[in-house]
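So you can see what is in the structure, the chains are spelled out below.
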Amino acid sequence: FFFFANRLPSQPLIVTMFKSVLILAAIASASAFVPAPRASVSRTVVKAEDVDYEAQFNKLQKEAEERLDEKVEELMKNIETVGQK
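Since the structure is predicted, the reported quantities are computational estimates derived from the model, not experimental observations.

Novice: Where do I start with the pattern of salt bridges in this structure?
Specialist: Side-chain pairs of opposite charge can arise whenever the charged atoms involved come near each other. For the structure on display, the rule yields one salt bridge. The partner of Lys-71 in a salt bridge is Glu-74, and the shortest N-O contact between them spans 3.8 Å. With Lys-71 and Glu-74 both in helix 3 (residues 53-77) and three residues apart, this pair spans about one turn of that helix. Overall, the relative accessible area of 43% leaves Lys-71 in the partly exposed class. Look at Glu-74 and you get partly exposed, because its relative accessible area is 40%.

Have a look at this one:
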């Protein structure tokens with residue numbers, strides 16, 4: 001390792017190796033917390049459709065008005081009998 005080249009004469013070889021192992025272990029454990037790179041993939045599908053929302057809205061409005069008219073007719077038929085015994 002690169003620490004062996006700069007070893008002081010007073011440090012035994014085992015101490016220098018121990019320091020090298022500690023530093024490498026610290027680097028390895030720190031790398032465990034680095035997020036893994038993710039491929040940038042778009043999950044959104046874009047569809048370009050020419051939808052006629054006004055026609056759909058008009059159709060729904062017509063159906064709702066027809067149901068309302070039928071309900072009003074039904075209630076008007078029963079209006080005189082409601083609340084009487």
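Novice: Which parts of the structure should I look at to understand a negative patch on the surface?
Specialist: On the surface, a cluster of negative charge is made up of Glu-63, Glu-65, Glu-66, Asp-69, Glu-70 and Glu-73. Examined against the element boundaries, Glu-66 turns out to sit in helix 3. By relative accessible area, Glu-66 is classed as partly exposed at 42%.

Conventions we followed
Residues numbered from 1 in each chain as written. Predicted model: local features only at pLDDT ≥ 70, side-chain atom pairs only at ≥ 80, totals over all residues. Heavy atoms only, no water. Salt bridge = Lys/Arg side-chain N within 4 Å of Asp/Glu carboxyl O. Helix = DSSP H or I, 4+ residues; strand = E, 2+ residues; numbered from the N terminus. Buried < 20%, exposed > 50% of the residue type's maximum accessible area, 1.4 Å probe, protein only. Patch = residues over 30% accessible without salt bridge, like charges linked within 9 Å, V, L, I, M, F, W, Y side chains within 5 Å. Areas by Shrake-Rupley, 256 points an atom, 1.4 Å probe, with all protein chains shown as cover. Lys, Arg positive; Asp, Glu negative; His and termini not counted. Charge placed at Lys NZ, Arg CZ, Asp CG, Glu CD.

Scope: geometric values only; no functional claims are made or implied.
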